[in-house]
Amino acid sequence: SVWNGVAQWLHVHDDEDLDFALPNRASFELCSLFTDKDLFVDGVCQCTDGVTVCDEITYPPTMSPITPTASPSNSPTTDAPTAALPTDGTLVNTIFPSDSEMEAFGCDDGARRGRIIDGTTVQYDCFRSGSNTLQPSGFIITPSHGLQTIAKGLRLYSGASCGNCEPVTYVFEGRASAEDPWTEIASGELPWISTILERNDGWLPINSTYENGDPDHSFTSVEYPSQSTAYLQYRLSFPELRGGDGTLMRFGELEVPGMRLPPESTVSPTH
């Protein structure tokens, strides 16, 4: 199958990822499948004696990986939000518990859906095909606690591979109930649009706070100092990937630092 080589050329190198993207891949002898070196002059993978080996990718100078510091230059933080917030709320590192309800659109995330907010660096994949490669991909998240929340920022952690699969523009929206129209919270370019950050190893715990992302992992972030409107449900769209109209959207983890309001503000939306 040529699709094995095409997927490798799109930087999908892990066997588990390839099996997920190509369900019939396991029906063939591994070395009978085309690799990206068979198909493309800049391919990096080849199969010998039943083992696939992919050369390490070196990015050009304009896309050099960087190592995050305790205060990443592309992730400014503040000690307190500018807008006045309720005094009885709780500031949290992310308003989305790991068991929150999620619904993807514009792509297929299958069994990997829960990885996006599981508190680790294991990468989230969403596969786009056909006309979906020309449309925004994203997801709707309803926090499992059923409480209204105030989003004060957005953090995306890099995955283990495929920097060109990362989203570089976004539209973040919220609504107070499933019957209400979506209201834009923020939109624009993500700070990592100009640089591919160092890759994060998979399955590592993320230790972050409301004020700061985890300094031991690579991430990009934006803040919303003036945002003080509470919502019950959120929609996050990614109109553009770094690699253009690719078939795979990938990153490590999503965090939305903010405030969780008391139970008396609870409303339970339904789809």
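Presented here is a report on the structure given in the accompanying data block. No experiment lies behind these values; they were computed from the predicted model shown. Residue positions are given per chain, counting from 1 as you read along its sequence in written order. pLDDT decides what is reported in this predicted model: residues at 70 or higher carry local features, side-chain atom pairs at 80 or more are listed and counted, and totals for whole chains, interfaces and linings draw on all residues regardless. For side-chain calculations, the full set of non-hydrogen atoms in the structure is used, while hydrogens and water are omitted.

## Thoughts on the environment of Leu 134
Filter applied, for reference: Runs of E in the DSSP output that reach at least two residues are strands. Runs of H or I that reach at least four are helices, and both are numbered from the N terminus. A 1.4 Å probe rolled over the protein chains alone gives each residue an accessible area, and that area as a share of the maximum for its type sets the label: buried under 20%, exposed over 50%, partly exposed in between.
Here Leu 134 lies in the loop between strand S5 (124-127) and strand S6 (137-142). Residue Leu 134 is classed as exposed on the basis of its relative accessible area of 65%. Considering only alpha carbons, one finds Leu 134 and Thr 247, 113 residues apart in sequence, at a separation of 9.8 Å.

## A word on the nonpolar core
Cut-off, in case you're wondering: Buried residues of nine kinds, namely Ala, Val, Leu, Ile, Met, Phe, Trp, Tyr and Cys, make up a nonpolar core once their side-chain atoms join them within 4.5 Å. Any two residues whose heavy atoms approach within 4.5 Å at even a single point are treated as in contact.
Counting residues in hydrophobic clusters, the biggest one holds 34 residues, and the most contacted among them are Phe 139, Leu 154, Tyr 170, Phe 172 and Leu 254. Going through the elements one at a time, strand S4 (101-105), S5, S6, strand S8 (153-157), strand S9 (169-175), strand S10 (183-189), strand S12 (233-238) and strand S13 (248-251) are the ones with two or more residues in this core. A per-element tally of this core places S12 first, with 3 residues. Dropping the residues within four chain positions of it, Phe 139 is found in contact with Met 102, Glu 103, Ala 104, Phe 105, Ile 116, Tyr 124, Tyr 234, Arg 235, Leu 236, Phe 238, Phe 251 and Leu 254. Within the second largest apolar cluster, 7 residues are counted, among which are Ala 7, Leu 18, Cys 162 and Cys 165.

## Some words on the sheet that holds S6
Rules: Strand pairing is defined by DSSP finding a minimum of two bridges between the two strands. Helix axes are fitted only over the stretch in contact, all axes being lines through C-alpha atoms; the angle between N-to-C directions runs from 0 to 180 degrees.
One open sheet holds the 5 strands; their spatial order is S4-S6-S12-S9-S10, and the pairing between them is antiparallel. Each of the sheet's edge strands pairs with one partner strand only, and the pair in question is S4 and S10. Geometrically, the sheet is characterised by an average inter-axis angle of 15 degrees between neighbouring strands, direction not taken into account. As defined by bridge partners, S4 adjoins S6 across 5 bridges and the pair is classed as antiparallel. Directly across from Glu 103, in S6, lies its bridge partner Ile 140.

## Observations regarding the pattern of salt bridges
What counts, and what does not: A carboxyl oxygen of Asp or Glu within 4 Å of a side-chain nitrogen of Lys or Arg is what we treat as a salt bridge.
In the structure shown here, the tally under the stated rule is 7 salt bridges. Arg 250 is the partner of Asp 125 in a salt bridge, and the nearest nitrogen-oxygen pair spans 2.6 Å. Of this pair, Asp 125 sits in strand S5 while Arg 250 is found in strand S13, placing the two residues 125 residues apart along the sequence. Relative accessible area serves as the criterion here: at 0%, Asp 125 is assigned to the buried category. With a shortest N-O distance of 2.7 Å, Glu 166 and Arg 242 are connected by a salt bridge. Of this pair, Glu 166 sits in the loop between S8 and S9 while Arg 242 is found in the loop between S12 and S13, placing the two residues 76 residues apart along the sequence. Relative accessible area serves as the criterion here: at 0%, Glu 166 is assigned to the buried category. Owing to a relative accessible area of 14%, Arg 242 belongs among the buried residues under this scheme.

## Quick look at the state of the cysteines
The test is simple: Note that a disulfide, as used here, is simply two cysteine sulfur atoms within 2.5 Å.
All told, the structure shown has 4 disulfides when counted by the stated rule. There is a disulfide in this structure between Cys 107 and Cys 126, and the S-S distance comes to 2.0 Å. The sign of the 90 degrees torsion about the S-S bond sets the Cys 107-Cys 126 disulfide as right-handed. Taken together, the positions of Cys 107 in the loop between S4 and S5 and Cys 126 in strand S5 put the pair 19 residues apart, joining distant regions of the chain.

## Some words on the sheet that holds strand S11 (residues 219-223)
Spatial ordering of the open sheet is given by S11-S8-S14, a layout of 3 strands whose pairing is antiparallel. The open sheet terminates on both sides in strands that have one partner only, identified here as S11 and strand S14 (253-255). This sheet shows a mean twist of 10 degrees between the axes of neighbouring strands, independent of strand direction. Bridge analysis of S8 against S11 gives 5 bridges, and the strand direction is antiparallel. The residue of S11 that forms the bridge with Tyr 157 is Phe 219.

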